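In case you want the letters, here they are:
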Amino acid sequence: MTRLLQVTGPDDPAIREAAAILASGGLVAFPTETVYGLGADGLNPEAVARIYAAKGRPATNPVILHVADAGAARALVSRWPAEAQALVERFWPGPLTLVLPASETVPAIVRAGGPSVALRCPAHPVALALIRAAGRPLAAPSANRSQHLSPTRAEHVASSLGEAVDLILDGGATAAGLESTILDLSGEAPRILRPGPIQPAELAALIGPVDLWAGAVKAGVRQAAPGMAERHYAPRARLELVAPGSGLAAASGRVAYVALGVLPHLPGGVRGVLLPLDAEAVGTRLYALLHELDDAGFERILMERPPETEAWLAVRDRLRRASAKEPA
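Residues numbered from 1 in each chain as written. Predicted model: local features only at pLDDT ≥ 70, side-chain atom pairs only at ≥ 80, totals over all residues. Heavy atoms only, no water.

Topic: the side chain of Thr 32
Inclusion rule: Runs of H or I in DSSP of at least four residues are treated as helices and runs of E of at least two as strands, each being numbered from the N terminus. Note on exposure labels: buried denotes an accessible area under 20% of the residue type's maximum, exposed denotes more than 50%, and partly exposed covers the range between, all computed with a 1.4 Å probe on protein chains only. Any two residues having at least one pair of non-hydrogen atoms within 4.5 Å are treated as being in contact.
Relative to the elements of secondary structure, Thr 32 occurs in the loop between β2 (28–31) and β3 (36–41). On the accessibility criterion, Thr 32 (2% relative accessible area) is buried. The residues touching Thr 32, leaving out its near neighbours within four places in the chain, are Arg 120, Pro 122, His 124, Ala 127 and Thr 174.

If you want it as structure tokens, here you go:
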């Protein structure tokens, strides 16, 4: 079994051990404030290739480089616009990933062969301590099999990746529960490629108008950033988005119904789960709940569609991709 070490803070000896594994080209899963990441030396192409192999990740999907501060980020790009400086001063460390033109330092495998690189400074003491101990940017997509549920606990990592990881640092449950907001600053206008905890209005208040990309990249086509595929973040159970109280007439087999705000009357045999009508609370809880329902053996999950407001943007994005049909 993969070794799992609990970490109590940034001075824990386990962090030095993890940094040594990274220096030797190994893989270490570690907590961030969003989800657990699967880390490797981001400037070592062979180590990053191990991430792709462990996750079954397509080569068309780039990975985010996690850095200790803005200075480390600037060393990895060919252009650092004023918007980037303003954003990192406000939101780093934090759940904001910036896509910028890459310097020649960044290996092609990190960029999925493209011209840009995704950069983030995580707001988690263990993650920051590990990056500093390693002395290198860490390539770290979510620590799970490709397209599957992201991990918010160390046991989710162990269940999904098993012995493909050399060490898992257990820092407890993550706080945000959803992946970072990804903002592309490499083109003519700022554009959100993946919604996350930081809302479009917060970004626009700092740098002006921000576009929102709301499409889906088909399998085999290069993505500009993670999280843009048609199907992603999916549980093993079939996830279906429904209007409140609907979809129950044909409910058969092991079915769970996830309600927002009010739990309707449910037929016998259907397990009801009530979540608050609160976007932040649902975002924090969503992946952990879907993991629980998978582990309990449910075959179908009916979940009420979230409201069409900006506060629910990231939750709607994850549910849309998680409920998409698997490619034929």
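Additional details are given in the paragraphs that follow.
Quick look at the packing of aromatic side chains
Within a pair of aromatic rings, the relevant descriptors are the distance that separates the centres and the angle that separates the planes. Stated formally: We call Phe, Tyr and Trp rings a pair once their centres come within 6.5 Å, taking the six-membered ring for Trp, and we label the pair stacked below 30 degrees between planes, edge-to-face above 60, and tilted otherwise. A positively charged side chain is recorded as over a ring if its NZ (Lys) or CZ (Arg) lies within 6 Å of the ring centre. The angle to the ring normal must also be within 35 degrees.
Applying the stated criterion across every chain, the model contains one aromatic pair. Note on Tyr 233 and Tyr 287: the rings are 6.2 Å apart at their centroids and 25° apart in plane angle, and the pair reads as stacked. Here the residue Tyr 233 occupies a position in the loop between β11 (211–212) and β12 (238–242), and Tyr 287 occupies one in helix α9 (residues 279–295), the gap between them amounting to 54 residues. One exposure class covers both Tyr 233 and Tyr 287, and it is buried. Its end group placed over the ring of Tyr 52, Arg 57 keeps NZ or CZ at 6.0 Å from the ring centre. A cation sits over an aromatic face here: Arg 254 above Phe 298, 4.5 Å from the ring centre.

Some words on the pattern of salt bridges
The line we're drawing: Salt bridges, as used here, are contacts in which a Lys or Arg side-chain nitrogen is within 4 Å of a carboxyl oxygen on Asp or Glu.
A full pass over the atoms with the stated rule returns 15 salt bridges. Across the pair Asp 41 and Arg 136 runs a salt bridge, and its minimum N-O distance is 3.1 Å. One end of the pair, Asp 41, is in strand β3; the other, Arg 136, is in the loop between α6 (125–134) and β7 (138–139), with 95 residues separating them in the sequence. Of the charged contacts in the structure, one is a salt bridge between Arg 316 and Glu 308, with a shortest N-O distance of 3.6 Å. Bridged by salt links that share partners, the residues Glu 179, Asp 317, Arg 318, Arg 320 and Arg 321 form one connected network.

Thoughts on helix α10 (residues 313–322)
For α10, a buried count of nine out of 10 residues is recorded, marking the element as mostly surrounded by other parts of the structure. Those residues of α10 that fall on the buried side of the exposure criterion are Leu 313, Ala 314, Val 315, Arg 316, Asp 317, Arg 318, Leu 319, Arg 321 and Ala 322. Packing partners of the buried residues in α10 comprise β10 (191–194), α8 (200–207), β11, β12, α9 and β15 (300–304).

Concerning the packing of α9 against α10
The packing of two helices is summarised by the inter-axis angle and the distance between the axes. Quick note on the threshold: To get an axis, fit a line to the C-alpha atoms, keeping to the stretch in contact for a helix; angles then go from 0 to 180 degrees between the N-to-C directions. Rotating anticlockwise by less than a right angle from the far helix to the near helix defines a left-handed crossing, while the corresponding clockwise rotation defines a right-handed one. For this classification, Asp, Glu, Lys and Arg are treated as charged, while Ala, Val, Leu, Ile, Met, Phe, Trp, Tyr, Cys and Pro are nonpolar and the rest, including Gly, are polar.
Taken N-terminus to C-terminus, the directions of α9 and α10 make an angle of 35°; their axes are 9 Å apart at the nearest point. Seen from above, α9 lies across α10 with left-handed handedness. Side by side, α9 and α10 meet where Ala 279, Val 282, Gly 283, Leu 286 and Tyr 287 of the first sit next to Val 315, Arg 318 and Leu 319 of the second. Each residue belonging to the contact of α9 with α10 can be placed in one class, and the counts come to six nonpolar, one polar and one charged.

Some details on empty space enclosed by the protein
The line we're drawing: With a 1 Å grid laid over protein atoms only, a set of points is called a cavity when a 1.4 Å probe fits there but cannot get out and a pocket when it is open yet has protein on both sides within 12 Å along at least five of seven lines; lining residues have an atom within 4 Å of a point. Grid points are joined across faces, edges and corners, and a volume is the space filled by probe spheres set on the points.
Across all of its chains, the model carries one cavity of 30 Å³ or more by this definition. There is about 210 Å³ of room inside the largest cavity. In this structure, the largest cavity is lined by 21 residues; those nearest its centre are Ala 140, Pro 141, Ser 142, Glu 179 and Arg 194. Counting residues per element, the ones that place at least two in the lining of the largest cavity are β3 and β4 (64–66). Looking at the lining of the largest cavity residue by residue, the class counts come to eight nonpolar, nine polar and four charged.

Structural notes on the packing of helix α4 (residues 82–91) against α8
Under the convention used in this document: Roughly parallel here means an angle under 35 degrees, roughly antiparallel means over 145, roughly perpendicular means 65 to 115, and every remaining angle is called oblique.
Viewed as axis vectors pointing N to C, α4 and α8 meet at an angle of 125°, and their least axial separation amounts to 10 Å. One way to sum up the angle between α4 and α8 is to call them oblique. Two packed elements cross with a definite hand, and for α4 against α8 that hand is right-handed. Between α4, through Glu 83, Ala 86, Leu 87, Arg 90 and Phe 91, and α8, the contact on the second element is made entirely by Glu 202, Leu 203, Leu 206 and Ile 207. Residues of the contact of α4 with α8, tallied by class, amount to six nonpolar, no polar and three charged.

Concerning the layout of surface pockets
Estimated volume of the largest pocket: approximately 280 Å³. Considering the residues around the largest pocket, the lining is formed by 15 residues, among which Arg 231, Ala 234, Pro 235, Arg 236 and Glu 326 are closest to the centre. Taken together, the residues that form the lining of the largest pocket break down as six nonpolar, four polar and five charged.

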